[in-house]
Amino acid sequence: ARAAGLLAARRDCMFHPAHGLAGFMLDGLRMQLDDFSERVSRERKKLVMQLVALFPLEAAENGGSNELDTIANLPLPSDIKQLRAMTADKRAAVISIVVRVLLIASSYLALPLPFRMEFLSFKASIGRWGAGEPQIELYGVGLALETGILMLRKNVAALCFYQGVPISFLRDSLVHSLWQLFHSPSLGKSVQQSLEEADARVGRVPAGRHLLRHAPD
C-alpha cells in the first residue's frame, strides 16, 4: 500500500502543472505561442510598411492654408470647406485612396472597422454594417460628405485604439491620424498586447462606445 502511495504521489508530482513533466510541457507550449505571436506581429507590420511605401503620407508642418496634408502625393485638406472646394475628380480620387488604405490596413492587421467601406474605381462609400443599410457617397459636396468624413475619422480612430495610439494623439486630419497609426510602437501586435504596452508608455487608452462594440476578443 505504501509503495502504491509513493507511485501515486510521484505521478501526481510529475503531471502537476506547477512542476514536473506537465510544467515543462506547458512552458514549452507558452514559448512556442509567444514566438508564433511575435512572428505574426512582425509579418503584419512588414505588410503595413509596404502599404505605406505605396501610399506615402506627408502631414503639413504648420497647418497653413498654402500647405496641405498629402497621401500618395495627392492633397487631402482636413478642413471640410477646403475639401469641398477641390474639383470633383481630385476629391473623389484622394478619398478613395484613404478608403483603400484603411481597408488594406485593417485586413493586414486583422482588425474590424466600425463602419463598412466600399470603393469602385475612384468612387468610395461608407455606412453602417448590415444588409440594406444605406451607404454614404464620399464624392459629393453636400452634408453627406461631412458625415462620411466623420465616419472615416472614426474608422481611423478605431485602428489607432486597437494599436495602442492614445486619442489625444489624433487630429481632424486623416493623414496625421494615419501617420500616428502606422508609427505606433505596437503596430502589428494583438489588441491586448498593444493596450498593455500603451498603458505602460502613456497610461490607459480610452475607447468610445462605437469602438468597444466592435473590439475584437
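Check the entry above for the structure.
Let me begin by describing the structure that accompanies this report.

Calculation rules
- Residues numbered from 1 in each chain as written.
- Predicted model: local features only at pLDDT ≥ 70, side-chain atom pairs only at ≥ 80, totals over all residues.
- Heavy atoms only, no water.
- Helix = DSSP H or I, 4+ residues; strand = E, 2+ residues; numbered from the N terminus.
- Buried < 20%, exposed > 50% of the residue type's maximum accessible area, 1.4 Å probe, protein only.
- Contact = heavy atoms within 4.5 Å.
- Expected span 1.5 Å × (residues − 1).
- Pairing = 2+ DSSP bridges.
- Core = buried A, V, L, I, M, F, W, Y, C linked by side-chain atoms within 4.5 Å.

## Thoughts on the side chain of Ser125
Here comes step 1: Following the sequence through the fold, Ser125 ends up in strand S5 (residues 123-127).
Here comes step 2: For Ser125, a relative accessible area of 12% gives the class buried.
Here comes step 3: Among all residues touching Ser125, those that are not within four sequence positions of it are Arg116, Met117, Glu118, Gln135, Ile136, Glu137 and Leu138.

## Brief notes about helix H4 (residues 88-109)
Every α-helix winds through 3.6 residues per turn, so residues three or four apart in the chain are directed the same way.
Here comes step 1: Given a rise of 1.5 Å per residue, 22 residues ought to cover 32 Å, and the 32 Å separating the end C-alpha atoms of H4 matches this to within 8%.
Here comes step 2: Ala110 lies just past H4 and shows a positive phi near 55°.

## Notes on the sheet that holds strand S3 (residues 74-75)
Here comes step 1: A sheet is described by the order of its strands in space; here three strands give the open sequence S1-S2-S3, paired in antiparallel fashion. Strand pairing shows two members of the sheet lacking a second neighbour, strand S1 (57-58) and S3, which therefore form its edges.
Here comes step 2: Bridging between strand S2 (residues 70-71) and S3 involves two bridges; their strand directions are antiparallel. Pairing of Ile71 across the sheet is with Leu74, part of S3.

## Considerations on the nonpolar core
Here comes step 1: Membership of the largest hydrophobic core comes to 46 residues, with the highest contact counts inside it found for Ile71, Leu152 and Phe182.
Here comes step 2: Among the elements of the structure, helix H2 (20-54), H4, S5, helix H5 (143-162) and helix H6 (174-182) are those that each provide at least two residues to this core.
Here comes step 3: In terms of residue count, H5 provides more of this core than any other element does, 11 residues in total.
Here comes step 4: Not counting chain neighbours up to four residues away, the residues in contact with Ile71 comprise Phe55, Pro56, Leu57, Leu76, Val94, Ile97, Val98, Val101, Val175 and Leu178.

Remember that the coordinates give geometry; whether it matters functionally is a separate question.
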